[in-house]
Amino acid sequence: MSYSARFRCTAGCPGRYDLDEVIYACPECGELLEVEHDVDALRDRSAASWMRLFDERWMTTRWPHGSGVWGKKEWVAPQLRDENIVSMAEGGTNLFWAERYGATLGLTDLWLKLCGNSHTGSFKDLGMTVLVSVVKQMVADGAPIRAIACASTGDTSAALSAYCASAGIRAVVLLPKGKVTTAQLVQPLANGALVCALDTDFDGCMAHVQRLTKEPGVYLANSMNSLRLEGQKTIAIEICQQFEWRAPDWVIIPGGNLGNVSALGAGFDLLMELGLLSQRPRICVAQAARANPLYRAYTQGFERFESITAEATEASAIRIGNPISVRRAIRTLERYDGVVEQASESELAEAAAAADRTGTFVCPHTGVALAALAKLVARGEVQRHQKVVVISTASGLKFADFKVRYHEGRIEGVKSQHPNQPVELPSDYAEVRRAVLGSLDRDPG
Ligand SMILES: *Cc1c(COP(=O)(O)O)cnc(C)c1O
Ligand SMILES: [Zn+2]
């Protein structure tokens, strides 16, 4: 097997670097790096043969290929030795037809890709399995790495901590104090990470971790490290595979640091280059209106980009004012006839609640994507019979507090149009009967 991948500068400088070098930015111009695959080597298999190989491996227990990420190993990290793979069977998440919710929007072909149904409850697992595996190989080959560090809005630290614990590598996480949910805080604690709660926001944590990882022996796990995007790009490949190797018309994805939309584009690019797809989907990035620097730039035709100070939003994982991957995200949107939409706190909360009424339990970020979709439908950009996939990025169970406050009517600026509260009753059958039958009579459904 002669497949290979290397880092190259996203601004086009000539240098190439091995994936197991400790390097995060171009030494010549300081721009981000991206992973470049030897696509010609990958052409030694036909498109049909790649499809067959990926389908054979899909959702088996054969290690490591049963993982949604490592089932595509040749396209992700071909030079990684199998003995260094740190995997917990990530990926392979359900993609289901949201028939009833779609109907409320007038759509007939709406699908939800539940990337949060994963090991630590978010899509961050897909990238972290790759990053931690590469570090394990670096350590095995003698690199003096003592710990992997990240700044996080919650989900990255949970994923890093789990994969590090599984590999026996130390994890260090910098979190903005009081700005992540209890579930997100307790995950790295349970996995034994060193958790530093800093009196700042995510962008502040990011600045500190970038300095910290210049110290000897501390490796950076944030998404400026493009190893993670190689794992996350399997989301695009999985979606097409789950539709029998066809792309949907639209993909709607919530964006913060904008690594995931860049990864999505990279996945579709490779499918196109290797002939597994003949048509590109369109992509919509959905942002919270309180953390919307990409949306602002979009409304100016991407003439220039200005970072902002992101305000508090229920969609806490995308509360980012200075997204690290903004340039690659804009290039992705240009290739995928992309649009950017935003959602207010009320719009995201009501969209999440309305979807939950049709059987989901979506996180607030997915609420942002669903609210954006409703706007695209309303102005006719997304059409009634188009196939639409909404990327659900985390499990709603990590955001139970958001749900509780919604149903108690305690989210500021949100009226709660679908509140539901327990009916408290004594242990008395007559009262139970009156409550149940009375409710069924009032609301026949
Ligand atoms: C990280 C994250 C996002 C945003 O992904 P980016 O790559 O930062 O744009 C969205 N939703 C959830 C739940 C996340 O954890
Ligand atoms: Zn460069």
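Our structure's up above, just so we're on the same page.
Residues numbered from 1 in each chain as written. Chains lettered and ligands numbered in written order. Predicted model: local features only at pLDDT ≥ 70, side-chain atom pairs only at ≥ 80, totals over all residues. Heavy atoms only, no water.

Engineer: It is not clear to me how the overall build of the chain should be interpreted in this structure. Could you clarify?
Structural biologist: Of regular secondary structure, the chain possesses 17 helices and 13 strands. Each principal axis of the C-alpha distribution contributes one length, and for the chain these read about 75 × 50 × 50 Å. For the chain, contacts bridging at least 24 residues in sequence account for 69% of all contacts bridging at least 6. Surface exposure of the chain reaches about 18900 Å², of which carbon and sulfur atoms provide 48%. Each charge class in the chain was averaged separately, 47 positive and 51 negative side chains, and the resulting centres sit 1 Å apart. (Helix = DSSP H or I, 4+ residues; strand = E, 2+ residues; numbered from the N terminus. Contact = heavy atoms within 4.5 Å. Areas by Shrake-Rupley, 256 points an atom, 1.4 Å probe, with all protein chains shown as cover. Lys, Arg positive; Asp, Glu negative; His and termini not counted. Charge placed at Lys NZ, Arg CZ, Asp CG, Glu CD.)

Engineer: Explanation requested: the packing of aromatic side chains in the structure shown.
Structural biologist: Taken as a whole and judged by the stated rule, the model has nine aromatic pairs. An angle of 90 degrees between the planes, with centres 5.0 Å apart, marks the rings of Trp111 and Phe243 as edge-to-face. A residue pair is termed long-range when its members are at least 10 positions apart, and Trp111 in strand β5 (residues 110-114) and Phe243 in the loop between α10 (234-242) and β10 (250-254) qualify at 132 residues. Trp111 gets classed as buried once you look at its relative accessible area, which sits at 19%. Members of the aromatic cluster, joined through ring pairs, are Tyr3, Trp50, Phe54, Trp75 and Trp245. Against the face of Phe243 rests Lys387, its NZ or CZ located 4.4 Å from the ring centre. The ring of Phe361 carries the charged tip of Lys403 above its face, separated from the ring centre by 4.7 Å. (Phe/Tyr/Trp six-rings, centres within 6.5 Å; stacked < 30°, edge-to-face > 60°. Buried < 20%, exposed > 50% of the residue type's maximum accessible area, 1.4 Å probe, protein only. Lys NZ or Arg CZ within 6 Å of the ring centre and 35° of its normal.)

Engineer: Would you mind showing me how to read the environment of Glu21 here?
Structural biologist: Within the secondary structure, Glu21 is located in the loop between β2 (16-18) and β3 (33-37). When neighbours within four sequence positions are excluded, Glu21 is seen to be in contact with Phe7 and Met138.

Engineer: Help me out: how do you make sense of helix α6 (residues 155-167) in this one?
Structural biologist: Side chains of residues three or four places apart in an α-helix project in the same direction, reflecting 3.6 residues per turn. Helix length check: α6, at 13 residues, gives a terminal C-alpha distance of 18 Å against a target of 18 Å (1.5 Å per residue), a fit within 8%. Among the 13 residues that make up α6, ten are buried, leaving the element largely enclosed by the rest of the structure. Taken as a whole, α6 has its buried residues at Asp155, Thr156, Ser157, Ala158, Ala159, Leu160, Ser161, Ala162, Tyr163 and Cys164. Among the structural elements, α5 (124-140), β6 (147-151), β7 (170-176), α7 (182-190) and α9 (227-232) are those in contact with the buried residues of α6. Directly after α6, the chain includes Gly168, whose backbone phi takes a positive value near 75 degrees. (Expected span 1.5 Å × (residues − 1).)

Engineer: Honestly, the coordination of the zinc ion (ligand 2) in this entry has me stumped. Any pointers?
Structural biologist: For a metal with four tetrahedral donors the ideal donor-metal-donor angle is 109.5 degrees, while six octahedral donors give ideal angles of 90 or 180 degrees. Protein coordination of the zinc ion (ligand 2) is provided by Cys9 (SG), Cys13 (SG), Cys26 (SG) and Cys29 (SG), with donor distances spanning 2.3 to 2.4 Å. Relative to the metal, the four donor atoms surrounding the zinc ion (ligand 2) lie at angles of 104 to 112 degrees, and the coordination shape comes out tetrahedral. All donors of the zinc ion (ligand 2) come from a single chain, and their spacing in sequence reads C-x3-C-x12-C-x2-C. With Cys9 in strand β1 (residues 5-9) and Cys29 in the loop between β2 and β3, this pair connects stretches of sequence that are 20 residues apart. (Donors = N, O, S within 2.8 Å, 3.2 Å for Na, K, Ca; no water. Tetrahedral: all angles 85-135°; square planar, octahedral: opposite > 155°, others 65-115°.)

Engineer: So what exactly am I meant to see when it comes to the side chain of Ser395 here?
Structural biologist: With respect to the secondary-structure elements, Ser395 resides in the loop between β13 (388-392) and α16 (400-407). For Ser395, a relative accessible area of 14% corresponds to the buried category. Setting aside chain neighbours within four positions, we find Ser395 in contact with Gly116, Gly121 and Cys363.

Engineer: Hey, could you run me through the site of ligand 1 in this one?
Structural biologist: Surveying the vicinity of ligand 1 reveals 14 residues, the closest of which are Lys124, Asp155, Gly256, Asn260 and Thr393. Asn260 is positioned with one of its backbone polar atoms (N or O) 2.8 Å from an oxygen atom of ligand 1. In this structure, a nitrogen atom belonging to ligand 1 sits 2.8 Å away from a side-chain N or O atom of Thr393. If ligand 1 stood free it would expose 380 Å²; the protein chains cover 97% of that surface. Taken together, the residues of the shell around ligand 1 sort by class into five nonpolar, seven polar and two charged. (Near = heavy atom within 4 Å. Polar contact = N/O pair within 3.5 Å; in protein donor to acceptor, adjacent residues only side chain to side chain. Nonpolar A, V, L, I, M, F, W, Y, C, P; charged D, E, K, R; others polar.)

Engineer: What am I meant to see in the sheet that holds strand β11 (residues 282-288) here?
Structural biologist: Across a sheet, strands are paired by hydrogen bonds formed along the backbone, either parallel or antiparallel in direction. One open sheet holds the six strands; their spatial order is β4-β5-β13-β10-β11-β12, and the pairing between them is mixed. A single partner strand is all that each edge strand has here, and the edge strands are β4 (95-97) and β12 (339-343). The sheet shows a mean angle of 25 degrees between the axes of neighbouring strands, direction not considered. Looking at chain direction, β5 and β13 are connected through five bridges and run parallel. When the sheet's bridge partners are listed, Leu114 is paired in β13 with Ser392. This element, helix α15 (residues 364-378), spans β5, β10, β11, β12 and β13 of the sheet and lies at about 115 degrees to β12. (Pairing = 2+ DSSP bridges. Axes fitted to C-alpha atoms, helices over the stretch in contact; angles between N-to-C directions.)

Engineer: What's the story with the sheet that holds β2 in this structure? I'm lost.
Structural biologist: Across the sheet, which stays open at both edges, the three strands sit in the order β2-β1-β3 with antiparallel pairing between neighbours. Both outer strands of the open sheet, β2 and β3, are each paired with one neighbouring strand and no more. Within this sheet the neighbouring strands show an average axis-to-axis angle of 40 degrees, counted without direction. The sheet contact formed by β1 and β2 spans three bridges and is antiparallel. Bridge pairing in β2 places Phe7 opposite Tyr17.

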